[in-house]
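Inside the fold
As a plain string of letters, each chain reads:
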Amino acid sequence: MTAPSRELAAPSEQGAPSAPPPSMRLRELVFGAACAAAVRAAARLGVADAVGDAPMTVESLAAAVRAEPEPLRRLLRALSCYGLFAERPDGTFAHTDMSRLLREDHPHSLRYIALWCTEPWTWDAWPRLDEAVRSGRNVVEDLYGKEFFVYLNEDAPESADVFNRAMTTSSEQSAREVAALLDLSGASSVADLGGGQGHVVASLLDKYPSMRGYLLDLPRVVEKALPRLREGGDLADRARVVPGDIRDAVPVKADVYVIKNILEWDDESTTRLLRNVVEAGGPGARVVVIENLVDDTPSMRFSTAMDLLLLLNVGGAKHTTDSMVRRLTGAGLTVGDIRPVNPYLHAFECTVRG
């Protein structure tokens, strides 16, 4: 009698735990929502902020975050499976390098990024991904009857606040890396398009003391620009904050234009923005485009997930290297070097064609 076939994991090497078989990996994948929800719960409870340098008992942690000990133990055990916190043999829990990133006081904190990617609207939108794939358009307008950012600001102000905090965190962390990468020594002015609160332009003005800088974004965004760039700030005499929609016009002429993480809108908006940059800069103007890519990057799982989220909320998309080059050359730019900024961002060096 033939024994039933079983799916076996590949033998482990040198005693290391063997990888789970495909059937178990798929089971783990379909429970991905549980993992995301657990990270969100830990962030909202402030567990990472409560854990100290030494391992802590669940009872101590529960008292610190005002939770029940046994459900908290279950949450921490689930997170420990992913390397987020570590369960010790005596039942205490300790920090890992990953869990420390959920602390609000960590210099590279991802707490608000974790919250943003698990906001309530995401749980409404993800189950309709098949509809977005069939239609090629966002599902948020059907869900809420409004364009995504209008919905956030009018109906979900707490989520809008999380978004702003997440973008601020991300900008602060990447701005220093962008400034370190870019050599603008031959330029006298730089314009940061869709630059949020102005972290990139501030970092570049710090690097180049004789340079002038422009920050362009929507009025409701730039009204919260860094105090350093506004009247009375230490960079105010070299900085100009310009409110407006860069999809309508780019009303400043600069030697260098920086476009970071905004060429992921719908095709029409992206085309209009690039056309405006070409018109404003004129032949020979330098344009630096900084984006996540869904190919040729060590952060594929993150970038492809963000790509799908963009499809759901604004009908946008992350780019491959080739699709970005085609988009830029089609707009009248010549693409030169393409360099990594960090594990999840690439910089495209461009000039406006004559």
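Since this is a predicted model, take the numbers as computed values, not measurements.

Quick look at the overall build of the chain now. On a plain count of helices and strands, the chain comes out with 17 helices and 9 strands. With the C-alpha coordinates aligned to their principal axes, the bounding extent of the chain is approximately 75 × 55 × 50 Å. For the chain, the proportion of its 354 residues judged to be buried stands at 44%. Intrachain contacts of the chain at a sequence separation of at least 6 include 62% that bridge at least 24 residues. Of the side-chain charges in the chain, 39 are positive and 49 negative, and the distance between the mean point of each set is 1 Å.

Our next topic: unusual backbone geometry. Even without glycine at this site, phenylalanine 85 takes up a positive phi of about 80 degrees. In this structure phenylalanine 85 comes out as buried when scored by relative accessible area, which is 1%. Phi at asparagine 261 is positive, roughly 55 degrees, even though this residue is not glycine. Looking at the secondary structure, you find asparagine 261 in the loop between β6 (256–260) and α15 (267–281).

This brings us to the environment of alanine 114. In this structure, alanine 114 sits in helix α7 (residues 111–116). We classify alanine 114 as buried; its relative accessible area is 16%. Separated by 28 residues in the primary sequence, alanine 114 and aspartate 142 have C-alpha atoms spaced 25 Å apart.

The subject of this paragraph is helix α5 (residues 69–80). Here α5 spans 16 Å end to end across 12 residues, near enough to the 16 Å set by a 1.5 Å rise per residue. Within α5 the residues assigned to the buried category are Leu72, Arg73, Leu75, Leu76, Leu79 and Ser80. In an axial view of α5, the angular spread of the buried residues amounts to 165 degrees, which keeps them on one side of the axis. Where the residues of α5 are buried, they touch α2 (32–45), α3 (47–50), α4 (58–65), β1 (86–87) and β2 (93–94).

For the pair α4 and α5, interaxial distance at closest approach is 9 Å and the crossing angle is 105 degrees. What the angle tells us is that α4 and α5 run roughly perpendicular. Contact residues: α4 offers Val58, Glu59, Leu61, Ala62 and Val65, while α5 offers Pro69, Leu72, Arg73 and Leu76. Looking at the contact of α4 with α5 residue by residue, the classes come out as 7 nonpolar, no polar and 2 charged.

Bringing the pairing of strand β8 (residues 333–342) into the picture now. In this sheet, strand β9 (residues 345–352) lies alongside β8 in antiparallel orientation, the contact comprising 7 bridges. Note that in β9 the partner of valine 335 across the bridge is cysteine 350. Connecting the antiparallel pair β8 and β9 is a turn made up of 2 residues.

This paragraph deals with the sheet that holds strand β5 (residues 239–243). One open sheet holds the 7 strands; their spatial order is β5-β4-β3-β6-β7-β9-β8, and the pairing between them is mixed. Only two strands of the sheet have a single partner each, and these edge strands are β5 and β8. The mean inter-strand angle of the sheet, taken between neighbouring strand axes irrespective of direction, is 20 degrees. Lying over the sheet, helix α13 (residues 199–207) contacts β3 (189–193), β4 (212–217), β5 and β6, oriented at roughly 180 degrees with respect to β4. In this fold α15 packs onto β3, β6, β7 (286–291), β8 and β9, with an angle of close to 165 degrees to the strand it touches most, β6.

Tallied over the full model, the rule gives 21 salt bridges. Between arginine 247 and aspartate 245 there is a salt bridge, with its nearest N and O atoms 3.1 Å apart. Classification of arginine 247 as partly exposed rests on a relative accessible area of 26%. A salt bridge links glutamate 264 to lysine 318, with the nearest nitrogen and oxygen atoms 2.6 Å apart. Remark: lysine 318 occurs in the loop between α16 (300–313) and α17 (321–330) and glutamate 264 occurs in the loop between β6 and α15; sequence separation between them is 54 residues. Here glutamate 264 falls in the buried class, since its relative accessible area comes to 12%. Each of Glu59, Glu70 and Arg73 takes part in salt bridges that share partners, so that together they form one network.

Criteria and thresholds
- Residues numbered from 1 in each chain as written.
- Predicted model: local features only at pLDDT ≥ 70, side-chain atom pairs only at ≥ 80, totals over all residues.
- Heavy atoms only, no water.
- Helix = DSSP H or I, 4+ residues; strand = E, 2+ residues; numbered from the N terminus.
- Buried < 20%, exposed > 50% of the residue type's maximum accessible area, 1.4 Å probe, protein only.
- Contact = heavy atoms within 4.5 Å.
- Lys, Arg positive; Asp, Glu negative; His and termini not counted.
- Charge placed at Lys NZ, Arg CZ, Asp CG, Glu CD.
- Expected span 1.5 Å × (residues − 1).
- Arc of directions from axis to C-beta.
- Axes fitted to C-alpha atoms, helices over the stretch in contact; angles between N-to-C directions.
- Parallel < 35°, antiparallel > 145°, perpendicular 65-115°, else oblique.
- Nonpolar A, V, L, I, M, F, W, Y, C, P; charged D, E, K, R; others polar.
- Pairing = 2+ DSSP bridges.
- Salt bridge = Lys/Arg side-chain N within 4 Å of Asp/Glu carboxyl O.

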